[in-house]
Amino acid sequence: MLLVSVVLFSILQAAPGGPLTPYLQNPHITQADIERLRHNLGLDQPVYVQYFKWLWQVVRGDFGWSTSNSEPVIQAILDRMPATLELMGCAFSVSIVVGVVFGIVSAVRQYSWLDYLITTFAFFGQSMPVFWFALMLQLAFSVVGVTAFGYHFSLPSAGISSLDTFDLGDRLQHLVLPVIVLSLAFIAQYSRFMRSSMLEVLRTDYMRTAAAKGVSHTAVILKHGLKNALIPLVTIIALTLPGLFAGAIITETIFAWPGMGRLFYNALGQFDFAVLMGYMMLVSFLVIFCNLLADLCYAWLDPRVKYT
Amino acid sequence: MATAFAGVAPPRDDEFAQASVHVAALRRLARDPAAVIGAAIVAVVAVCAIFAPLITRVDPNAQDLTATLIPPMWIAGGNHAHVLGTDNLGRDLLTRIIWGSRVSAIVGLSVVAIGGTIGVTAGLVAGYRRGWVDAVIARITDVQLAFPLVLLAVAIVAVVGPGLLTVIAAIGLTSWVQYVRVVRAETMSLREREFVAAAEAAGATSRRIIARHLLPNVGSAVIVLGTFEIARAIVFESSLSFLGLGVPPTTPSWGGMLADGRQYLDTAWWTALFPGLAIMVAVMGVNLLGDGLRDALDPAAVN
């Protein structure tokens, strides 16, 4: 974490531009004003001094002051966290459940039409740029609207809700498109891995033994097969987590989702270093934390793994 | 045998074996319909990228404000001058898509060249030398894998300022770790094999062992990975351009065109549909080729 923070901080500092860039073009602000602002914000001090000051604040739970939003960074991030967690949580669960089910089905029914359908779908899902898929969904469901089975489907294309009060149905409607977009690539990846890992497990001796003992087909697949096939998938899921955050930036930007991804995207344009640093530190922390969780999952899935 | 080729140096055994391995792999590739389709798509994109000025007669940046948002020619209101229609500034979409392949091709290839060179070298050295070198490289890759590098790349591009070089550098930065992981693992198993021990016994330097004995043996794994990395780089570049962080707007790129088209989604869907299709088809072509290469180079792994 410390290493990550040093790298991030120095790269952001080395970059041209800065929070004062917007003022440079303003004719009403003199060079002296700029210097004064720079001094007040502590930007005239050497980089390492700035870094240690920042680090000391972070240790005490203070991520600094957002220069573009005029609010504490921690506040800005916390305000937007529920929306992002709602979106990412749904997309994450959907992609794991759908990915695993697709993987199992196409492995158990290898070379059936269902298998071909799923592998083709996975292939498209991996090749399709998320943002384009998002635009096409918006076009289909919000601009044009899809008419099928006698109903006219249309879904909201932006925002988290259209009402000020909480309404579950309305919230769910707003969730549909972003969740589909965010989870598509992950469903594709997970189902491919699940398929190959399940195929390997299906060929093992213990599967044959279980079947020979008279255990029902479904039970063999789900109890003996699934648990073993999940082990490699856990690694993949942990490794793809950073991608989920990156995908959330694009998805949130396109669907005007009031989450952390959009905060990050806006901060980029404003050179708001405090927000950028705060967000990236938070994401690194979450990713490391999830890797730890993945390790714990191993121990549960595979009793041979022991942590001493 | 040697007498039959009197006067000609007989091929060394290893050369001979390698050539036939490659020929066999190519044959397998040619028999795989998906891989052939992929190769064809890649070839089309390559031709577009190289010969863009010859294929199109119009300047990709030529604006015609009297002919903005013209639909594709098969739709009422379209005409043959603009096969896929025009965008909000009256620029011909087909022309821009053909020119846009240049950015994708350049970014894809440069990223793989940069990431591949760094990653393969680091992976070979770490896997063969082990010891502290390996420990350091492994630690760096661990940090990189745990960290949302994509975010960092986006931040770098945003702060340094958009441009082709920045984009390539930023994506290259996120790409080399994959090679290290694959090459290091391969090398660690290869170094225990007899031919490496034989080379060591014959007094070969580590540099020679790495370059002449280990590198050729990790080749197929690197080629397959490199193909998928090209696909990833193309998507990554178009995402950056879409966010306005890619190449400057005057350079036609698929992601940038999509970003322009996004604003006209409700009135002129074609401005967003076709650039996206171009990205998807190109990426699919590269992925199909990569799948085919993996199966062709490693027949044992096919299930």
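In this text the structure is predicted, and so the values were computed from the model without any measurement.

Topic: the overall build of chain A
So, step 1. Along its length, chain A carries twelve helices and four strands.
So, step 2. In chain A, which comprises 308 residues, the share counted as buried stands at 44%.
So, step 3. Of the contacts formed within chain A by residues at least 6 apart in sequence, a portion of 69% connects residues at least 24 apart.
So, step 4. Element-wise, carbon and sulfur atoms account for 66% of the exposed surface of chain A, whose accessible area totals about 15900 Å².

As for the interface of chain B and chain A
Interfaces are often sized by the accessible area lost when the parts come together.
So, step 1. Every contact between the two is made by 39 residues of chain B and, on the other side, 44 residues of chain A.
So, step 2. Counting the surface lost from both chain B and chain A, the interface buries some 3600 Å², and carbon and sulfur atoms represent 80% of this.
So, step 3. The tally of links between chain B and chain A comes to one salt bridge.
So, step 4. Ionic pairing is found between Arg-192 of chain A and Asp-291 of chain B, a salt bridge with its closest N-O pair at 3.4 Å.
So, step 5. At the boundary of chain B with chain A, the tally comes to six residue pairs in polar contact (both at pLDDT 80 or more).
So, step 6. Mapped by element, the contributors of at least two residues to the side of chain B that touches chain A are α4 (131-146), α5 (149-160), α8 (206-242), α9 (254-262) and α10 (270-297) of chain B.

Comments concerning the nonpolar core
It is characteristic of soluble globular proteins that their nonpolar side chains tend to be buried jointly.
So, step 1. By size, the foremost hydrophobic cluster in this structure holds 127 residues, and its most contacted members are Phe-264 and Tyr-279 of chain A.
So, step 2. If we ignore the near neighbours within four places in the chain, the residues touching Tyr-279 of chain A are Ile-77, Phe-245, Ile-249, Met-260, Gly-261 and Phe-264 of chain A together with Leu-151 of chain B.
So, step 3. In this structure, Ala-126, Val-133, Ile-137 and Trp-176 of chain B belong to the second largest nonpolar core, which totals seven residues.

Considerations on the pattern of salt bridges
So, step 1. Tallied over the full model, the rule gives ten salt bridges over all chains.
So, step 2. Among the ionic contacts, a cluster of salt bridges with common partners joins Arg-192 of chain A together with Asp-291 and Arg-294 of chain B.

A closer look at unusual backbone geometry
So, step 1. The residue Tyr-111 of chain A is not glycine, and still its phi comes out positive at about 65°.
So, step 2. In this structure, Tyr-111 of chain A sits in the loop between α5 (73-108) and α6 (113-127).
So, step 3. Overall, Tyr-111 of chain A belongs to the partly exposed group, its relative accessible area being 47%.
So, step 4. Backbone geometry places Arg-130 of chain B, a non-glycine residue, at a positive phi of 55°.
So, step 5. The topology assignment puts Arg-130 of chain B in the loop between α3 (93-129) and α4.

Examining a nonpolar patch on the surface
So, step 1. Residues Val-47, Ile-50, Phe-51, Leu-54 and Ile-55 of chain B make up a contiguous nonpolar surface patch of roughly 490 Å² in combined accessible area.
So, step 2. Its place among the elements puts Ile-55 of chain B in helix α2 (residues 33-55).

Things to note about the environment of Ile-288 of chain A
So, step 1. Here Ile-288 of chain A is to be found in helix α12 (residues 273-301).
So, step 2. Expressed as a C-alpha distance, the spacing of Ile-288 of chain A and Leu-233 of chain A, which sit 55 residues apart in the sequence, is 17 Å.

Points about the confidence of the model for chain A
So, step 1. Mean pLDDT for chain A: 76, with 69% of residues reaching 70 or above.
So, step 2. When pLDDT is averaged over each element of chain A, α5 of chain A comes out on top at 87 and helix α2 (residues 21-24) of chain A at the bottom at 56.

So, the packing of aromatic side chains
So, step 1. Considering all chains together, one arrives at six aromatic pairs over all chains under this definition.
So, step 2. With 4.7 Å between their ring centres and 25° between their planes, Phe-131 of chain A and Phe-242 of chain B make a pair best called stacked. Residue Phe-131 of chain A is found in helix α7 (residues 130-144), and its partner Phe-242 of chain B is found in helix α8; the two belong to separate chains. The two residues Phe-131 of chain A and Phe-242 of chain B agree in class, both being buried.
So, step 3. Plain terms: the ring middles of Phe-264 of chain A and Tyr-279 of chain A are 5.0 Å apart, the flat faces sit at 40° to each other, and that makes the pair tilted. With Phe-264 of chain A in helix α11 (residues 260-270) and Tyr-279 of chain A in helix α12, this pair connects stretches of sequence that are 15 residues apart.

So, the confidence of the model for chain B
All names here are of chain B.
So, step 1. In this model, chain B carries an average pLDDT of 83, and 91% of its residues clear a pLDDT of 70 or more.
So, step 2. For chain B, the element scoring lowest by mean pLDDT is helix α1 (residues 13-31), at 72; α3 scores highest, at 92.
So, step 3. Below a pLDDT of 50 lies the segment residues 1-6, which in the model reaches zero contacts outside its immediate sequence neighbourhood of four places, other chains included.

Some remarks on the environment of Gln-173 of chain A
Residues and elements named next belong to chain A.
So, step 1. Looking at the element boundaries, Gln-173 is found in helix α8 (residues 168-202).
So, step 2. By relative accessible area, Gln-173 is classed as partly exposed at 39%.
So, step 3. Along the backbone, Gln-173 and Pro-156 are 17 residues apart, and their C-alpha atoms lie at a distance of 6.8 Å.

A look at the packing of α2 of chain B against α3 of chain B
All names here are of chain B.
So, step 1. Interaxial distance between α2 and α3 falls to 8 Å at its minimum, and their mutual angle equals 130°. In this view, α2 runs oblique relative to α3, as classed from their interaxial angle. Here α2 runs over α3; the crossing is left-handed. Between α2 and α3, the residues in contact are Val-45, Cys-48, Ala-49, Ile-50, Ala-52, Pro-53 and Ile-55 and Ile-98, Trp-99, Ser-101, Arg-102 and Ala-105, respectively.
So, step 2. Here the contact of α2 with α3 is built from residues that sort into ten nonpolar, one polar and one charged.

A closer look at helix α10 (residues 217-254) of chain A
All names here are of chain A.
So, step 1. Taking 1.5 Å of rise per residue, 38 residues should cover 56 Å, yet α10 covers just 45 Å from first to last C-alpha, more than 12% shy of that figure.
So, step 2. If you look at α10, its biggest bend is around 40°, right at Leu-226.
So, step 3. Positive phi appears at Ala-256, one or two residues downstream of α10, with a value of about 50°.

Some thoughts on the side chain of Asp-134 of chain B
Residue and element names in this part refer to chain B.
So, step 1. By secondary structure assignment, the location of Asp-134 is in helix α4.
So, step 2. Within polar-contact distance, the side chain of Asp-134 engages the side chain of Arg-184 at 2.6 Å.
So, step 3. Those residues in contact with Asp-134 that lie beyond four places of it in its chain are Ala-126 and Arg-184.

Details of the packing of α10 of chain A against α11 of chain A
Residues and elements named next belong to chain A.
So, step 1. Across the interface, α10 lies against α11 with an axial gap of 7 Å and an inter-helix angle of 85°. As far as their axial angle goes, α11 and α10 are roughly perpendicular. Packed against α10, whose contacting residues are Ile-249, Glu-252 and Thr-253, the element α11 presents Met-260, Gly-261, Arg-262, Phe-264 and Tyr-265 at the interface.
So, step 2. By residue class, the composition of the contact of α10 with α11 is four nonpolar, two polar and two charged.

Some words on the environment of Gly-100 of chain B
Residues and elements named next belong to chain B.
So, step 1. Secondary-structure assignment places Gly-100 in helix α3.
So, step 2. Judged by its relative accessible area of 0%, Gly-100 falls in the buried class.
So, step 3. The spacing of Gly-100 and Ala-126 is 26 residues in sequence and 38 Å in space, taken between C-alpha atoms.
So, step 4. In this structure, Gly-100 is in contact with Pro-252, Ser-253 and Trp-254, ignoring residues within four places of it in sequence.

Parameters at a glance
- Residues numbered from 1 in each chain as written.
- Chains lettered and ligands numbered in written order.
- Predicted model: local features only at pLDDT ≥ 70, side-chain atom pairs only at ≥ 80, totals over all residues.
- Heavy atoms only, no water.
- Helix = DSSP H or I, 4+ residues; strand = E, 2+ residues; numbered from the N terminus.
- Buried < 20%, exposed > 50% of the residue type's maximum accessible area, 1.4 Å probe, protein only.
- Contact = heavy atoms within 4.5 Å.
- Areas by Shrake-Rupley, 256 points an atom, 1.4 Å probe, with all protein chains shown as cover.
- Buried area = accessible area lost by both parts, 1.4 Å probe.
- Salt bridge = Lys/Arg side-chain N within 4 Å of Asp/Glu carboxyl O.
- Polar contact = N/O pair within 3.5 Å; in protein donor to acceptor, adjacent residues only side chain to side chain.
- Core = buried A, V, L, I, M, F, W, Y, C linked by side-chain atoms within 4.5 Å.
- Patch = residues over 30% accessible without salt bridge, like charges linked within 9 Å, V, L, I, M, F, W, Y side chains within 5 Å.
- pLDDT = per-residue confidence, 0-100.
- Phe/Tyr/Trp six-rings, centres within 6.5 Å; stacked < 30°, edge-to-face > 60°.
- Axes fitted to C-alpha atoms, helices over the stretch in contact; angles between N-to-C directions.
- Parallel < 35°, antiparallel > 145°, perpendicular 65-115°, else oblique.
- Left-handed = near helix turned anticlockwise from the far one by under 90°.
- Nonpolar A, V, L, I, M, F, W, Y, C, P; charged D, E, K, R; others polar.
- Expected span 1.5 Å × (residues − 1).
- Bend = angle between axes of the 7 residues up to and from the residue.

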